[in-house]
Amino acid sequence: MTMRLRYNKPDGTPVEFELGDRPITIGRNPDSDIILLDERVSRIHCGLRLWDGEYYLKDLKSRNGTMVNGRRVEVATLKPGDQIRVGSTDLVFEGAGGGSTTALQEIRGEMEMGKGYSTILHQIVEGSPGAKGAPAPTPQGETGPHGKPVLKITTKKAPRIVLKKKT
């Protein structure tokens, strides 16, 4: 499901920031992905990134801290509906809608057209980058095991936010 951050600017204008695979920063710095003009917000206050299928928020040693659901956090796993407070700004972490519903509708449509569950599952597993046992992506123009064209997926390197997973 596609996720987003929703908040209001100081003048009351609502803002929705759609999240993707690349890490983002929140702060006063003009280079931040989400710029909050608030003297209680550090230049680079916190970062957010998708990791292992979940979004993590990390306070980047800000002076006033980052709050999630009223608790000061250093690192937090975000769930839909979580309230994030950065300086005087409240942000809501929520689903952008349509992501999983659209995928389910697409699968249902393929099954109605005669494609079997095993075939769909096989395509999902083969097409998942980094999935265990999944073949490496092939160059564009080549065909996969079923004779269908294989799509080449490339990503751009984004700034890193290092998170340590508890063991």
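Small disclaimer: the values here were computed from a predicted structure and weren't measured.

A.B. asks: Provide a residue-level description of the overall build of the protein chain, including the pertinent values.
C.D. replies: Each helix and strand in the protein chain was counted, giving two helices and eleven strands. In sequence order, the secondary structure elements of the protein chain are arranged as β-β-β-β-β-β-β-β-β-β-β-α-α. Buried positions account for 27% of the 167 residues belonging to the protein chain. A fraction of 33% describes how many contacts in the protein chain between residues 6 or more apart in sequence connect residues 24 or more apart. If you sum the accessible surface of the protein chain, you get close to 11700 Å²; carbon and sulfur atoms cover 52% of it.

A.B. asks: I'd love a proper account of the packing of aromatic side chains, names of residues and values included.
C.D. replies: Counted by the stated rule, this structure contains two aromatic pairs. Ring plane angle 65° and centroid distance 5.6 Å describe the contact between Tyr-55 and Phe-93, whose orientation is recorded as edge-to-face. Residue Tyr-55 is found in strand β6 (residues 54-59), and its partner Phe-93 is found in strand β11 (residues 89-95); the two are separated by 38 residues along the sequence. Taking the relative accessible area as the measure of exposure, Tyr-55 reaches 9% and is therefore buried. Overall, Phe-93 belongs to the buried group, its relative accessible area being 1%.

A.B. asks: Could you give an account of the sheet that holds strand β4 (residues 34-35), naming the residues involved and the relevant values?
C.D. replies: Pairing between the strands of a sheet is mediated by backbone hydrogen bonds and can be parallel or antiparallel. In space, the five strands of this open sheet follow the order β4-β3-β5-β6-β9, with mixed pairing throughout. In this open sheet, the two edge strands, each paired with only one partner strand, are β4 and β9 (75-78). Where β6 lies against β9, four bridges are found, and the strand directions are antiparallel. Pairing of Leu-57 across the sheet is with Ala-76, part of β9.

A.B. asks: Describe the side chain of Glu-94, and please don't skip the residues or the numbers.
C.D. replies: Secondary-structure assignment places Glu-94 in strand β11. In this structure the side chain of Glu-94 is engaged in a polar contact, spanning 2.9 Å, whose partner is the side chain of Arg-6. Setting aside residues no more than four positions away along its own chain, Glu-94 makes contact with Thr-2, Met-3, Arg-4, Arg-6, Pro-80 and Gly-81.

A.B. asks: Requested: an account of the sheet that holds strand β7 (residues 66-68), with residues and values cited.
C.D. replies: Here we have six strands laid out as an open sheet, ordered β2-β1-β11-β10-β7-β8, and antiparallel in their pairing. At either end of the open sheet lies a strand with only one pairing partner, and these are β2 (14-18) and β8 (71-73). Strand after strand, the sheet turns through a mean of 30° between neighbouring axes, direction not considered. Bridging between strand β1 (residues 3-8) and β11 involves four bridges; their strand directions are antiparallel. By the bridge assignment for β11, Arg-6 is matched with Val-92.

A.B. asks: Report on the confidence of the model for the protein chain, specifying residues and quantitative values.
C.D. replies: When pLDDT is averaged across the protein chain, the result is 78; 60% of the residues are at 70 or more. Note that residues 128-140 has pLDDT below 50 and, in this model, twelve contacts with residues that lie over four places away or in other chains.

So, how was this worked out
Residues numbered from 1 in each chain as written. Predicted model: local features only at pLDDT ≥ 70, side-chain atom pairs only at ≥ 80, totals over all residues. Heavy atoms only, no water. Helix = DSSP H or I, 4+ residues; strand = E, 2+ residues; numbered from the N terminus. Buried < 20%, exposed > 50% of the residue type's maximum accessible area, 1.4 Å probe, protein only. Contact = heavy atoms within 4.5 Å. Areas by Shrake-Rupley, 256 points an atom, 1.4 Å probe, with all protein chains shown as cover. Phe/Tyr/Trp six-rings, centres within 6.5 Å; stacked < 30°, edge-to-face > 60°. Pairing = 2+ DSSP bridges. Polar contact = N/O pair within 3.5 Å; in protein donor to acceptor, adjacent residues only side chain to side chain. Axes fitted to C-alpha atoms, helices over the stretch in contact; angles between N-to-C directions. pLDDT = per-residue confidence, 0-100.

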